[in-house]
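Chain by chain, the residues:
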Amino acid sequence: MGKIKRALNLADIGRFRFWVQLLFFALLVYGGYLAINIGDQLPTFGCVFEEGRGGSCYLMGFQHQMATPWSRLFTGRGIGVLIGLLTFFGFFIIFNKAWCGYTCPLGTIQDWLTILRRRMGIRDSEYSAAVFKRLKIIKYVLLLLLILIPMAIGNSFFGLGKLNHDFGVPFCMVCPGRTVMPLFIGDPSQLAIDFSSLTKMVFTTLGMLVTGVFFVGSFLKKRFFCLFCPMSAFHYIFHKAGLLRLIKDGSKCTKCGNCYRACDMGIRAIAEDLESRNIVKDDCMMCLKCIAVCPEDGCLKASWLGATVYEATAEGFYKRMGDEEVEQ
Amino acid sequence: MFTISRIPPKALILLALLGILTAGADASGGDIIPSTEPLWLSLSPAESTRPEAKTGKRPGSTEHSAEGEECSSCPPAERRPQSRFESEHRPAPLRRYFLNGLAPEAEGYVLHPDLTVDELKLERQGGGSASVELEMSDGPHHGAHNLYVVDREVRGETLHLRTAKWVTIQHSCGWGHAPKFNDERQVSQTLTSVPLEIVMDDLWDTNFHSTVMSGDRINLRVLKYGEPAPGARVTVISEKGWLKTFITDDEGRVAFQLVRDYYPDAWSNFHRGERGEIKFGADLISDEQGEFAGQKYDDIHLSTTFSWRYYPARREYTSLVIGLLIAVIGAGLTGVGFIVYRRRRWTGLKRLAWNG
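Attention here is on the structure that accompanies the text.

Reading the values: the criteria
- Residues numbered from 1 in each chain as written.
- Chains lettered and ligands numbered in written order.
- Predicted model: local features only at pLDDT ≥ 70, side-chain atom pairs only at ≥ 80, totals over all residues.
- Helix = DSSP H or I, 4+ residues; strand = E, 2+ residues; numbered from the N terminus.
- Rg over C-alpha atoms; globule rule 2.2 N^0.38 Å.
- Buried ≥ 20, exposed ≤ 12 C-beta atoms within 10 Å, placed from the backbone.
- Contact = placed C-beta atoms within 7 Å.
- Nonpolar A, V, L, I, M, F, W, Y, C, P; charged D, E, K, R; others polar.
- Pairing = 2+ DSSP bridges.
- Axes fitted to C-alpha atoms, helices over the stretch in contact; angles between N-to-C directions.
- Expected span 1.5 Å × (residues − 1).

For chain A, the count of helices and strands is 16 helices and four strands. Taken over the C-alpha trace, chain A has a radius of gyration of 21 Å; the compact-globule value for 328 residues is 20 Å, and the two agree within 12%. When the backbone C-alpha atoms are referred to their principal axes, chain A occupies close to 60 × 45 × 45 Å. For chain A, with 328 residues in total, the buried portion stands at 46%. Considering only contacts in chain A between residues 6 or more positions apart, those separated by 24 or more positions represent 66%.

Each partner contributes to the interface: chain A provides 29 residues, whereas chain B provides 28 residues. When residues of the side of chain A that touches chain B are traced back to their parent elements, those giving at least two are strand S1 (193-194) and helix H11 (198-220) of chain A. At 12 residues, the largest contribution of residues to the side of chain A that touches chain B is made by H11(A). A breakdown of the residues in the side of chain A that touches chain B according to their chemical character gives 14 nonpolar, 12 polar and three charged.

Here we come to the environment of A:Cys175. All names here are of chain A. With respect to the element layout, Cys-175 can be found in the loop between helix H9 (170-174) and helix H10 (176-180). With 29 C-beta atoms counted inside 10 Å, the residue Cys-175 sits in the buried group. Taking C-alpha positions, Cys-175 is 7.8 Å from Thr-211, a pair spaced 36 residues apart along the chain.

On to the sheet that holds strand S3 (residues 300-304) of chain A, then. The strands that make up a sheet are held in pairs by hydrogen bonds between backbone atoms, and each pair lies either parallel or antiparallel. Residues and elements named next belong to chain A. The sheet built from three strands is open, its strands ordered S2-S3-S4 with antiparallel pairing. Looking at the sheet topology across the chains shown, the edges are occupied by strand S2 (244-248) and strand S4 (307-311). The average angle at which neighbouring strand axes cross in this sheet is 30°, direction not considered. Bridge count between S3 and S4: four bridges; the pairing is antiparallel. Across the sheet, the residue bridging to Lys-301 is Glu-311, located in S4.

Here we come to helix H6 (residues 105-119) of chain A. Residue and element names in this part refer to chain A. An ideal rise of 1.5 Å per residue puts 21 Å on 15 residues; H6 measures up with 21 Å between its terminal C-alpha atoms. The set of residues buried in H6 consists of Pro-105, Leu-106, Gly-107, Thr-108, Ile-109, Gln-110, Leu-113 and Thr-114. After H6 finishes, the residue Gly-121 shows a positive phi value of roughly 75°.

Here it is as structure tokens:
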């Protein structure tokens, strides 16, 4: 048992993650061609607009269900909404926010763009603490909008008229997943601007603007889009129930800052917070790179259902430093 | 649907020959069967009860209130206009269709997606109606169901074998999409016991949504008892009365491009979900003698009908070039934004990392 634990702690998490991401990318983008369908309530971006998908993002169904009139939420329809939410929750707690770090195809594309940038010798970009703090609010605003806008389709707010059905899935319309994922099966149809109604035109225009922003932003800044992702905000509501946890022992932390520098999301608290034991923050994607670069025995660790699965060790740190340089 | 004045005289003659104009005509007068009128299945008992005729609403605009799921914002069921089109993705357990008249000898079948066949309940009130009961569940009933009504009668010295076909989709996204991977449910199925059948491919996508659009290449097959029927006359008529007649090739096939016939007055009146109805009729004379119900005949006239819906083509209201242009603008602005941001943060010092 001790040997297995030591082997795990010495493992190269970056390489492991690369292959897991590739596997999930193939599964979620092409799984449908192999008759695989994991479900439509996934806590990750398998896109419903992509025909070959092996599972799809819960946000699509969630927005759809939010358009239900309130009076019907207490009928059979309400049970459907509840089942959808519970299914999402069931999927989510298994991997917690690691759904973002290991399975999200949109996240994987961003990581590939980072690899490309690095190979081209272009420097990474970082946000200042103040900008980071301001930008991270955007995902909560988007989460609120993707709930409120569909609600205004089935319900009247303050006596105002209801929105038309073109507002149905507002986040999907601006999500780069809708425009980018179908490209992997050779379908460029989602790149078009839809002029059939003003609402569609505005949403598809915003969608294409975001697509352009996504590609350049993700090329210049690691996991650029994840800071704005409402799925990440949605995850954070439930993260305390996650079976996979990132735990920090503040008494062992020397504040060396390695974890912060390795963090693709640029979360400062991972280095500065010495009080919290559960160190999963709202922007964390649980890639576990922070554990890999931590030189203090037992300072950071990942546990699943209470059992430690990966732990920071000085031995593991020096072995990995010998294997490859830490990217700055 | 269309007015006689819009149809060219040549087309009127063909229509009259095929009886398409009288298809679905008011059947309240009883079982009067014109000699060569084809048999039609439709959602409403008569043309005059169509929603646009009664309410002035555009066709297809009542999709949400069509049979199927209840709609809180819709008028009570008895006051809702009957749509010409079935609601997709709103499974209804009991479905009812109307016929424009039935001969005394008639029977109906339903070919289910799992290829089992059931008998269709036929009623002879007014022009006649057919109903089918489907299970509201996932599994074998999830997919396209083919309905057939076949009647037989000798008139003069000809045996008329008339077939009306209808395809109805039973699907709910809530049931999941596993059947999309079942090839048998993605292609049109046929019933070999039917005298004459029109088979049209690519009617629905993998999620059982109708996919036929203006400008599409339509491929039809005409089958006589499941075998290709060469030399059959196929007549196609679109929503606005575009009419074309074809003769099937040696493999019983006909191919043509569906015209665009949706021209709203102004762009603000354009509706991408506007559905048009395309009607197909096929007939064939077979030089076979025999006897039916004690009456001798010298030849057999086989006829069949089928209808489906189509939407405006996506390219009528979407632009890929403008989309890409906007993405390039977004990318450019982001690039400039990053350069400016980096310059503002530049302190002139290089970060040093200890590598001890």
